[in-house]
Amino acid sequence: MKNALTIDLEDYYHVSAFNDFLAQDKWSSQQSRVAKSTNLLLDSLEEAGCKATFFTLGWVAEHQPQVVRDVARRGHEIACHSLRHRTVYEMSPKEFRDDTRRAKELLEDLSGSPVCGYRAPSFSITDKSLWALTILVELGFSYDSSIFPVLHANYGMPNASRVPFRVTTPAGSILEFPMTTLEFAGRRSPFCGGAYFRLLPYWYTRWGIRFLNTHENWPVCVYLHPWELDPDQPRMAGSFSSRFRHYLGLKGTSVKFRKLISDFEFCPLGILAKSIPIRSSQTTDPIPLHLELPAVTN
Ligand SMILES: [Zn+2]
């Protein structure tokens, strides 16, 4: 079974957890590592014959356009990870629309292809910001992968479907491919992306993906950032928990990642989104798979 491999293309200082310690107007003065770490990632993907979706930050497209061109030239899907890495629930609908439209235009100009997929910074489409899905449809997106169906302090919709579902909005419908979780005895746990991938042993991730592919008959969505493969990145000031989540396990991630892409078949999420069957309503998931949203008021 083909699974989705997704990369949130941003630099180490864009991470939301460090926002309080580094204002956006200081980003340009930081040592940039995104070109180098993305190139290493692209080389590993090429070696494994693997293509991925790169949810790319508009700020990276503005400041390092060559990185985006390189990713597109090497055959990967370019998708959108907002313009300035602001969380969706902190923006008004108008701010979100302007931010996303600008990022999409930049990415389409650089890649020469339509941008169809969106991932919110810090998985910030939650029940407080579902209106964003309507705006994504208006702007021409066909899929979103921003909902984390777990309970978490900063994000999450613990009652959302764990499997892809279609959301009907006043502007049309959009496919939601939620972040992958395992569920046992009513408890959901992430395991195949970001800090979860770095901190959990590789055998557990491999077992989890095989379990979902064979027992639930469903593809998973792995997500990583280029900075997670860069153990030598400069250390940022931040809270203990932010630093713990960001820096732990960086050294071993590159080896784990290479194992992952040789053990499983991956493809860009945009390709999977076009072919995936939407599970019908016999599911026992607690919210309807076909969610209907009201019109957006700015
Ligand atoms: Zn991000």
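Here, every reference points to the structure presented above.
Residues numbered from 1 in each chain as written. Predicted model: local features only at pLDDT ≥ 70, side-chain atom pairs only at ≥ 80, totals over all residues. Heavy atoms only, no water.

Draft legend 1. Spotlight on the coordination of the zinc ion. Only E10 (OE), H81 (NE2) and H85 (NE2) from the protein coordinate the zinc ion, and they sit 2.0 to 2.1 Å from it. Going along the chain, you hit the donors of the zinc ion in the pattern E-x70-H-x3-H. Here E10 is found in the loop between β1 (2-9) and α1 (34-48), whereas its partner H85 is found in the loop between β3 (77-80) and α4 (93-111), with 75 residues between them in sequence. Grouping residues by exposure puts E10 and H85 together as buried. (Donors = N, O, S within 2.8 Å, 3.2 Å for Na, K, Ca; no water. Helix = DSSP H or I, 4+ residues; strand = E, 2+ residues; numbered from the N terminus. Buried < 20%, exposed > 50% of the residue type's maximum accessible area, 1.4 Å probe, protein only.)

Draft legend 2. Region of the structure containing the packing of aromatic side chains. Under the definition given, this model contains 20 aromatic pairs. Relative to W59, the ring of W27 has its centre 5.4 Å away and its plane inclined at 90°; by these criteria the two rings are edge-to-face. Of this pair, W27 sits in the loop between β1 and α1 while W59 sits in helix α2 (residues 58-63), and the two are 32 residues apart along the sequence. Considering the side-chain rings of F148 and Y223, the 6.3 Å spacing of their centres and the 85° angle between planes classify their relative orientation as edge-to-face. A residue pair is termed long-range when its members are at least 10 positions apart, and F148 in the loop between β5 (143-144) and β6 (165-169) and Y223 in strand β10 (residues 221-224) qualify at 75 residues. Judged by relative accessible area, F148 falls into the buried class, the value being 1%. Every member of this aromatic cluster is reached through a ring pair, and the members are F184, F191, W203, Y204, W207 and F211. (Phe/Tyr/Trp six-rings, centres within 6.5 Å; stacked < 30°, edge-to-face > 60°.)

Draft legend 3. Quick look at the side chain of N3. Here N3 is to be found in strand β1. A polar side-chain atom of N3 sits 2.7 Å from the main-chain amide nitrogen of V220. (Polar contact = N/O pair within 3.5 Å; in protein donor to acceptor, adjacent residues only side chain to side chain.)

Draft legend 4. Expanded view of empty space enclosed by the protein. Summed over all chains, the structure comprises one cavity of 30 Å³ or more. Empty space within the largest cavity amounts to approximately 90 Å³. Looking at the lining of the largest cavity residue by residue, the class counts come to eight nonpolar, two polar and two charged. (1 Å grid on protein atoms, 1.4 Å probe; cavity = no way out; pocket = protein on both sides within 12 Å on 5 of 7 lines; lining within 4 Å. Points joined across faces, edges and corners; volume = space filled by probe spheres on them. Nonpolar A, V, L, I, M, F, W, Y, C, P; charged D, E, K, R; others polar.)

Draft legend 5. Region of interest: the pattern of salt bridges. Summed over the entire model, instances satisfying the criterion amount to 18 salt bridges. Here E46 and R74 are joined by a salt bridge, their closest N and O atoms 3.1 Å apart. On the criterion of sequence distance, the pair formed by E46 in helix α1 and R74 in the loop between α3 (65-73) and β3 is long-range, its members being 28 residues apart. Residue E46 is classed as exposed on the basis of its relative accessible area of 55%. For R74, a relative accessible area of 17% translates into the label buried. Two residues, R86 and E95, come together in a salt bridge whose shortest N-O distance is 3.8 Å. On the accessibility criterion, E95 (35% relative accessible area) is partly exposed. Shared partners join several salt bridges into a network, and the residues in it are D43, E46 and R74. (Salt bridge = Lys/Arg side-chain N within 4 Å of Asp/Glu carboxyl O.)

Draft legend 6. Region of interest: unusual backbone geometry. Positive phi outside glycine occurs at S122, with the angle close to 50°. Take S122: it is sitting in the loop between β4 (117-118) and α5 (131-138). Of note, N217 is a non-glycine position whose phi angle comes to about 55°, a positive value. Looking at where N217 falls in the secondary structure, it is placed in the loop between α7 (202-214) and β10.

Draft legend 7. Up close: the environment of V163. Checked against the element boundaries, V163 lands in the loop between β5 and β6. Once the C-alpha coordinates of V163 and E90 are considered, the two residues, 73 residues apart in sequence, prove to be 26 Å apart.

Draft legend 8. Just the nonpolar core, in detail. L5, F54, Y118, I125, F257 and L260 are the most contacted members of the largest nonpolar core, which totals 73 residues. With near-sequence residues (within four places) excluded, L260 lies in contact with F197, Y202, T205, I209, V222 and F266. By size, the runner-up hydrophobic cluster in this structure holds 21 residues, among which are V163, C221, Y223 and L269. (Core = buried A, V, L, I, M, F, W, Y, C linked by side-chain atoms within 4.5 Å. Contact = heavy atoms within 4.5 Å.)

Draft legend 9. Quick peek at the packing of α7 against helix α9 (residues 250-263). Orientation of α7 relative to α9, taken along the N-to-C sense of each, is 25°, at an axis distance of 11 Å. Between α7 and α9, the angle falls in the class roughly parallel. Between α7 and α9 lies a crossing whose hand is right-handed. Between α7 and α9, the residues in contact are Y202, T205, R206 and I209 and K256, K259, L260 and D263, respectively. When grouped by side-chain class, the residues that make up the contact of α7 with α9 number three nonpolar, one polar and four charged. (Axes fitted to C-alpha atoms, helices over the stretch in contact; angles between N-to-C directions. Parallel < 35°, antiparallel > 145°, perpendicular 65-115°, else oblique. Left-handed = near helix turned anticlockwise from the far one by under 90°.)

Draft legend 10. Representation of α9. The end-to-end C-alpha distance of α9 is 20 Å, a good match for the 20 Å that 14 residues give at a rise of 1.5 Å each. Listed in full, the buried residues belonging to α9 are L250, T253, K256, F257, L260 and I261. (Expected span 1.5 Å × (residues − 1).)

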